[in-house]
Amino acid sequence: MSIQSSGLRLPPTITTTTTTNTSKTSHPLLLRKQNKSIQMCLASSTVVHPSQTSSIQIVGGKAPNWYSNGDTYEGADGEIDWPDLDADLQYWTRLLRPVQWYPGHIAKTEKELKEQLKLMDVVIEVRDARIPLATGHPQMEAWIGSRKRILVLNREDLISTSDRNAWAHYFANQGTKVVFANGKLGTGAIKLGRLAKSMAVGVNVKRKSKGLLPRAVRAGIVGYPNVGKSSLINRLLKRRLCTAAPRPGVTRHLKWVHFGKDLELLDSPGIIPMRISDQTSAIKLAICDDIGERSYNVADVAAILVQMLMRIPTVGSKALYQRYKIIAEGPGHSGKIFVDKLALQMFNGDVHQASFRLLTDFRKGKFGWVALERPPKQ
């Protein structure tokens, strides 16, 4: 008998074992080792809160190899084999309900924004510094065209210095101007304003040659929901002119604001693709609160977050134990089991509340400087 959960029909237990016949499994990481079993089972009904049922128990993936010869990065306390981590993430998410979120106001705003971008001298694209690739809109390059662009990596306070250096080097090699910012504290706001004006200085030179009066530089601020666009504008203006809140979908209309006489800024609602084909990116958006909560199962996302943190040396089981006094038994430990233990220990078995606590703690930086992406090899 099968059980219906979150719109996905799954058998009670799915076990995949690697053998010498590689055609029996589709997961690329399982081909590397023999006699490795991965079990995915439904959560125990004794600990799941009736109002929020998690789809599956997520376990497995490749054991981490911090000092492999593959594509690794050296963090503060070790190395992470990021391609393997991303492949594991893809494997964990393959049976989950797809994460999709496209509120009605986005379609209307997207059409208006594309028209407004034609009038821009500079486009300021804001991304989440923890996931710069996942928060890059796949059509943004086409919309911007030949216009000058500044890339802002917001929430720089939530990633390490080595992460910042790696991303700065990566985008510099692509010829992209990058500003690291913290919208809450205003870090990077002044630098952003000066850079926007300097990059568009040629606008008034051309106008003068045509006998026209100078005008303010027009800069459009675009990006995914909840990456901090409105907060950056408020910091630039040193007053609250744009509505900002720590959740996606707050800004719903385009709004022009003036920064002195020399700069005009266009605040825009978060723009996200109608369909997210890469579900590993979608899960990262959910973890970082850059997509609407209704689009995903909180318990599933929290379980995956735990498994990702277990593979990052700067966090691992030690940081999880220090925060919750719950032992996570190694990198292969199920995130779902950890969430269930946290629910029993702190929330009377309420898995939804336990999952929300885990996600909130990560979003507030309670586990330290933790990036969920690193630059690909160039």
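In case you missed it, the structure is sitting above this.
Quick caveat: nothing in here was measured; it's all calculated off a predicted structure.

Student: For this particular structure, what's the right way to read unusual backbone geometry?
Tutor: Residues apart from glycine generally show negative phi values, whereas peptide bonds are mostly found in trans. In this model, Asn-226 sits at a positive phi of 60°, which is unusual for a non-glycine residue. Within the secondary structure layout, Asn-226 lies in the loop between β10 (217-223) and α7 (229-237). Located in the positive-phi region is Lys-325, a residue other than glycine, with phi close to 55°. Tracing the sequence through the fold places Lys-325 in the loop between α10 (316-324) and α11 (335-346).

Student: Help me out: how do you make sense of the packing of aromatic side chains in this one?
Tutor: Any pair of aromatic rings gets described here by the distance separating the centres and the angle formed by the planes. Taken as a whole, this structure holds 5 aromatic pairs when the rule is applied. Where Trp-167 meets Phe-171, the ring centres are 5.7 Å apart and the plane angle is 25°; that geometry is what we call stacked. Within this pair, Trp-167 and its partner Phe-171 are both found in helix α4 (residues 161-173), separated by 4 residues, close to a single helical turn. Take Trp-167 and Phe-171: they sit in the same class, and that class is buried. Aromatic pair Tyr-170 and Phe-171: ring centres 5.0 Å apart, planes at 75°, arrangement edge-to-face.

Student: I keep staring at α10 and nothing clicks. Help me out?
Tutor: Because an α-helix packs 3.6 residues into every turn, residues spaced three or four apart end up facing the same way. For α10, every residue scored as buried is listed here: Gly-316, Ala-319, Leu-320 and Tyr-324. With its buried residues spanning 110° around the axis, α10 presents them on a single face. Those residues of α10 that are exposed and aimed more than 90 degrees away from the buried face are Lys-318 and Gln-322. Looking at the buried positions of α10, the neighbouring elements they touch are α9 (298-310), α11 and α12 (351-363). Looking one or two residues beyond α10, the residue adopting positive phi is Lys-325, at roughly 55°.

Student: Mind showing me how you'd approach the environment of Ile-337 here?
Tutor: Position of Ile-337 among the secondary structure elements: in helix α11. Distance from Ile-337 to Ala-303, taken between C-alpha atoms, is 8.1 Å for residues 34 residues apart in sequence.

Student: What is the right way to look at the sheet that holds strand β12 (residues 263-267) in this model?
Tutor: The pairing of strands in a sheet happens through backbone hydrogen bonds and is either parallel or antiparallel. Strand order in the open sheet made by the 6 strands is β9-β8-β7-β10-β12-β11, with mixed pairing throughout. The open sheet has two free edges, formed respectively by β9 (177-181) and β11 (255-259), since each of these has just one partner strand. Averaged over all adjacent pairs, the angle separating strand axes in this sheet is 25°, with direction ignored. By the bridge criterion, 5 bridges tie β11 to β12 in an arrangement that is antiparallel. Opposite His-258, over in β12, you have Glu-264 as the bridge partner. Together, β7 (122-128), β8 (148-154), β9, β10, β11 and β12 form the strand contacts of helix α5 (residues 189-199), whose direction differs from that of β8 by roughly 170°.

Student: What exactly am I supposed to notice about helix α8 (residues 279-287) here?
Tutor: When you tally the buried positions in α8, you get 9 out of 9 residues, the bulk of the element. Within α8, the full set of buried residues consists of Gln-279, Thr-280, Ser-281, Ala-282, Ile-283, Lys-284, Leu-285, Ala-286 and Ile-287. One or two residues past the end of α8 sits Asp-289, with phi positive at roughly 65°.

Conventions we followed
- Residues numbered from 1 in each chain as written.
- Predicted model: local features only at pLDDT ≥ 70, side-chain atom pairs only at ≥ 80, totals over all residues.
- Heavy atoms only, no water.
- Helix = DSSP H or I, 4+ residues; strand = E, 2+ residues; numbered from the N terminus.
- Phe/Tyr/Trp six-rings, centres within 6.5 Å; stacked < 30°, edge-to-face > 60°.
- Buried < 20%, exposed > 50% of the residue type's maximum accessible area, 1.4 Å probe, protein only.
- Arc of directions from axis to C-beta.
- Contact = heavy atoms within 4.5 Å.
- Pairing = 2+ DSSP bridges.
- Axes fitted to C-alpha atoms, helices over the stretch in contact; angles between N-to-C directions.

Geometric values such as these leave the question of function open.
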